[in-house]
Every structure is written in C-alpha cells, then in structure tokens.
Amino acid sequence: MLTRKLSTKCIILMKTVKIDDSWYERLQGEFASDYFSELKNFLVEEKKQYVIYPPGSQIFNAFDTTPFDKVKVVILGQDPYHTPGFAHGLCFSVQYGVQIPKSLQNIYKELKDDIGFRIPNHGNLTHWAEQGVFLLNATLTVRAHQAGSHQNHGWERFTDRVISILSEQKDNLVFLLWGNYAKAKSALIDHNKHLVLTAAHPSPFSANSGFFGCKHFSQTNNYLNAHGIAPIDWSLADVSTLNL
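Note that the coordinates shown come from a computational prediction; the quantities given were computed from them, not determined experimentally. Just so you know, the residues in each chain are numbered from 1, in the order the chain's sequence is written. Owing to the predicted nature of the model, reporting of local features is limited to residues with pLDDT of at least 70; listing and counting of side-chain atom pairs is limited to 80 or more, with chain, interface and lining totals taken over all residues. Hydrogens and waters are ignored; side-chain quantities use all the structure's heavy atoms.

J.: For this particular structure, what's the right way to read the pairing of strand β7 (residues 174-178)?
T.: When a strand is regular, its side chains alternate between the sheet's two faces. For β7, the buried fraction is high: five of the five residues fall into the buried class. Each residue is assigned to one of three classes by its accessible area relative to the maximum for its type, calculated with a 1.4 Å probe on protein chains only: buried under 20%, partly exposed between the two thresholds, exposed over 50%. Helix and strand assignments follow DSSP, with helices taken as H or I runs no shorter than four residues and strands as E runs no shorter than two, numbered in order from the N terminus. Both faces of β7 are covered, namely the face carrying Val174, Leu176 and Trp178 and the face carrying Phe175 and Leu177. Note: two strands are recorded as paired if DSSP finds a minimum of 2 bridges between them. Two elements, strand β4 (residues 73-77) and β7, share four bridges in a ladder whose sense is parallel. Note that in β7 the partner of Ile75 across the bridge is Leu176.

J.: Which parts of the structure should I look at to understand the pairing of β4?
T.: Counting buried positions along β4 yields five of five residues, so the element is predominantly enclosed. By the bridge criterion, five bridges tie β4 to strand β5 (residues 133-137) in an arrangement that is parallel. Across the sheet, the residue bridging to Val74 is Phe134, located in β5.

J.: So what exactly am I meant to see when it comes to the pattern of salt bridges here?
T.: A pair can form between side chains of opposite charge whenever their charged atoms are brought close. For this analysis, a salt bridge means a side-chain nitrogen from Lys or Arg found within 4 Å of a carboxyl oxygen belonging to Asp or Glu. The tally for this structure, following the rule as stated, stands at ten salt bridges. In this structure, Arg118 and Asp238 form a salt bridge, with 3.2 Å as the shortest nitrogen-oxygen distance. A residue pair is termed long-range when its members are at least 10 positions apart, and Arg118 in the loop between α4 (102-115) and α5 (126-131) and Asp238 in the segment after α8 (216-226) qualify at 120 residues. The exposure class assigned to Arg118 is partly exposed, which follows from its relative accessible area of 48%. Take Asp238: its relative accessible area is 37%, and that puts it in the partly exposed class. Taken together, the salt bridges that share partners define one network made up of Glu30, Arg161 and Glu168.

Structure (structure tokens):
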C-alpha cells in the first residue's frame, strides 16, 4: 500500500476538488491558463443543462489516487463512461456494484491469458492506481449517455500536457497505448527514456485485431523489474459483500 499522500483542495472547475499536491504543483500553470478558464466556463454551462460524469469530486481521481512521484505505468483511455453510476475518474475502471464493461472484460481476459490473472467479480481498478498505474482519460468529463460530448473543449490540451510532463520529468515509465487514438499520443513521449507498448483497443470491435495476445502486462513487469522498480500486482480481490 502507498503511504497516504497530501492532497490539495482547490477550486479548479465548478466546485472544490481534490488533487494530489505533487500534481497540482506541476499543473497550476495549466489551471491558470486562458484555455482552462474557457473549459471551466463550458463545464459550468453544461452542468446547468445536463448530467455530467464522473461526479465533480471524482474528475481528478486519477491525479489524487496516483501521485506524480508514484507513477510507474500509464494507461490511456479516451472518454469516461457515460452510463449512470459507472465513471469514477479512472480510465477503464468502474465503480463497485455495476456491470463490468466489455472492454474491461477483454482486458481481464488478456490478463488471464498473459499472467494467469483470476477474473474478479467487479471492475474497480483502484488497486492498480494505488500502486502507480496512472489511469488517465484524454477527456476527463462527458455528458450522460453522449459519448465524446466533451471532446475538443480543452481537456485534450490539458492531458497532452500531463503526458508531456510525465515523459520529460520521469524515467523508465511504461505507457500502454491501446487503439489508434491512444497510439497517436506516442509522439508526446520520449521513447529513449520510456517503454511504449501499443496494441489494438480492447473493445469487442477490435480486441481480436491485436489486443488479445499482446502480453502487455507481463512485458510491463519485466521492464519494471529490469530497471529495479517494483512490479505491479495486477490481481484484484473479489468484493464479497456486494451482489455483483
């Protein structure tokens, strides 16, 4: 388990949110920028008309659960889940008590084939995030039931800067880029300092085109071990108290 980090409570969007100090120090210039002010205004107006996911307090959950200094692995998603009750600020992860999405089912299947992973009865990946797996969506919010509805309003500029900061300021990270959208972010990463692994997206529409069999999880741990970094424990315990 990680030693509990310090968190800064600050007004970044519509309300006070939590973000780890290590991230806030590096991103405060972004939060003070004109583009982020425009993004904030967009979200304020959206909130007046629509339900937005994830809940405001969880928009920066990835940044609060995985401090900058603890990041070992970056998994990049595109949008939060737009289904009620699913999104909680970690890409591909869902809250306890909801159905495991099909893309995450395929991630579990690849984990099982790759490292003998035992598939749990939930889709909450917080255990990974607490170990240093930074579960970042390129767009951090979405309207309920409208996939991609918050794209091209500033989030991508913000998260591109996040990826660049990670690449510039850290060494020996593993970036897992699944699908064409994520693969395009490869240009932001210094391949001489980091391991970049790409594959098809785990969606049912593309998993058979190169995601299955990619062995990214064993490759990740092999790389971390080779650089003297503690590997990721990918296992996820069942939640016995929930009827999943």
